[in-house]
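Spelled out from the first residue to the last, the chains are:
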Amino acid sequence: MENNLTPSGPDDARVVSGLLEELQADRARLVEKVRAPKWLAPGFGLIAASYVMTPAFPGEGAGGFVLSTALVAGILLVALSYRVTGIKFTRFGVQAWAAFAAAVVGTLALFSVSLGLAASGLLWWIAVPAVVASVWVFWLASLIFSTMRERLRHVR
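Residues numbered from 1 in each chain as written. Predicted model: local features only at pLDDT ≥ 70, side-chain atom pairs only at ≥ 80, totals over all residues. Heavy atoms only, no water.

Engineer: I would appreciate a short explanation of helix α4 (residues 94-119) in the present structure.
Structural biologist: Because an α-helix completes one turn every 3.6 residues, residues spaced three or four positions apart along the sequence face the same direction. Taking 1.5 Å of rise per residue, the 26 residues of α4 would be expected to cover 38 Å, and the 37 Å separating its terminal C-alpha atoms lies within 8% of that figure. Residues of α4 that are buried include every one of Ala 96, Ala 99, Ala 103, Gly 106, Thr 107, Leu 110, Phe 111, Ser 114 and Leu 117, and no others. (Helix = DSSP H or I, 4+ residues; strand = E, 2+ residues; numbered from the N terminus. Expected span 1.5 Å × (residues − 1). Buried < 20%, exposed > 50% of the residue type's maximum accessible area, 1.4 Å probe, protein only.)

Below is the structure:
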């Protein structure tokens, strides 16, 4: 049986090489066209800010409600991003995982600051860590999308 994958001569090797170069050029054009939706990073920033502001919300169940709403909103943002870009990011790289971990740890640290401010009776000051969390997560979400975009360029 004939194997079509192995080149049988120098001309076949050039054809295969040319096809691989075309594939690489197509991949580079695709990466250049993929842009993060303008609402993606601000959406994640808003989710982080709302979570950090949880101690300022009245009621016993406010924390659980905000947390579950934040999780659902995050999942919806990822799904909508897939729908808009048409590209499903299945694997994070090391940089993206590190940025994600930094976003979670930073948001939790700022949440603890807002808990301390609420316990001190300084409810209006909770806006400061909320704004910091929003900017922090906005920047990291932009970084995550750009690293995932670069991974598209090198996918095998």
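What follows picks up the thread again.
Engineer: Sorry, what's going on with the side chain of Ser 114 here?
Structural biologist: Mapped onto the secondary structure, Ser 114 falls in helix α4. Setting aside residues no more than four positions away along its own chain, Ser 114 makes contact with Val 52, Pro 55, Ile 126 and Pro 129. (Contact = heavy atoms within 4.5 Å.)

Engineer: Help me out: how do you make sense of the packing of aromatic side chains in this one?
Structural biologist: Geometrically, a pair of aromatic rings is defined through the distance of the ring centres and the angle of the planes. This model, assessed by the stated rule, comprises three aromatic pairs. With a centroid separation of 5.8 Å and an interplanar angle of 85°, the aromatic rings of Trp 97 and Phe 100 are classed as edge-to-face. Here Trp 97 and its partner Phe 100 are both found in helix α4, three residues apart, which amounts to about one turn of the helix. Relative accessible area serves as the criterion here: at 40%, Phe 100 is assigned to the partly exposed category. When the ring of Trp 136 is compared with that of Trp 139, the centres are 5.8 Å apart and the planes differ by 40°; the resulting orientation is tilted. In this pair, Trp 136 and Trp 139 are both assigned in helix α5 (residues 127-153), three residues apart and thus about one turn of the helix distant. With a relative accessible area of 32%, Trp 136 lands in the partly exposed category. (Phe/Tyr/Trp six-rings, centres within 6.5 Å; stacked < 30°, edge-to-face > 60°.)

Engineer: What exactly am I supposed to notice about the packing of helix α2 (residues 40-52) against helix α3 (residues 62-85) here?
Structural biologist: A packed helix pair is summarised by two numbers, namely the angle formed by the two axes and the spacing between the axes. Taken N-terminus to C-terminus, the directions of α2 and α3 make an angle of 175°; their axes are 10 Å apart at the nearest point. It follows that α2 is roughly antiparallel to α3 by the angle criterion. The residues of α3 that touch α2, namely those facing Leu 40, Gly 43, Phe 44, Ile 47, Ser 50 and Tyr 51, are Val 66, Leu 67, Ala 70, Ala 73, Gly 74, Leu 77, Val 78 and Ser 81. Across the contact of α2 with α3, the residue classes break down as 10 nonpolar, four polar and no charged. (Axes fitted to C-alpha atoms, helices over the stretch in contact; angles between N-to-C directions. Parallel < 35°, antiparallel > 145°, perpendicular 65-115°, else oblique. Nonpolar A, V, L, I, M, F, W, Y, C, P; charged D, E, K, R; others polar.)

Engineer: It is not clear to me how the environment of Ala 119 should be interpreted in this structure. Could you clarify?
Structural biologist: Tracing the chain through its elements places Ala 119 in helix α4. Exposure remark for Ala 119: the relative accessible area of 71% places this residue in the exposed category. Sequence separation between Ala 119 and Pro 55 is 64 residues; the distance between their C-alpha atoms is 8.8 Å.

Engineer: What should I look at first to understand the nonpolar core in this one?
Structural biologist: Proteins that are soluble and globular tend to have nonpolar side chains buried together. Ranked by internal contacts, the top residues of the largest apolar core, which has 13 residues, are Val 52, Ala 133 and Ile 144. Looking at which element gives the most residues to this core, the answer is α5, with six residues. Those residues within four positions of Val 52 in sequence are excluded, and the remaining contacts are Thr 107, Leu 110, Phe 111, Ser 114, Ile 126, Pro 129, Ala 130 and Ala 133. Among the nonpolar cores identified, the runner-up in size contains seven residues, and Val 34, Ile 47, Leu 77 and Phe 145 belong to it. (Core = buried A, V, L, I, M, F, W, Y, C linked by side-chain atoms within 4.5 Å.)

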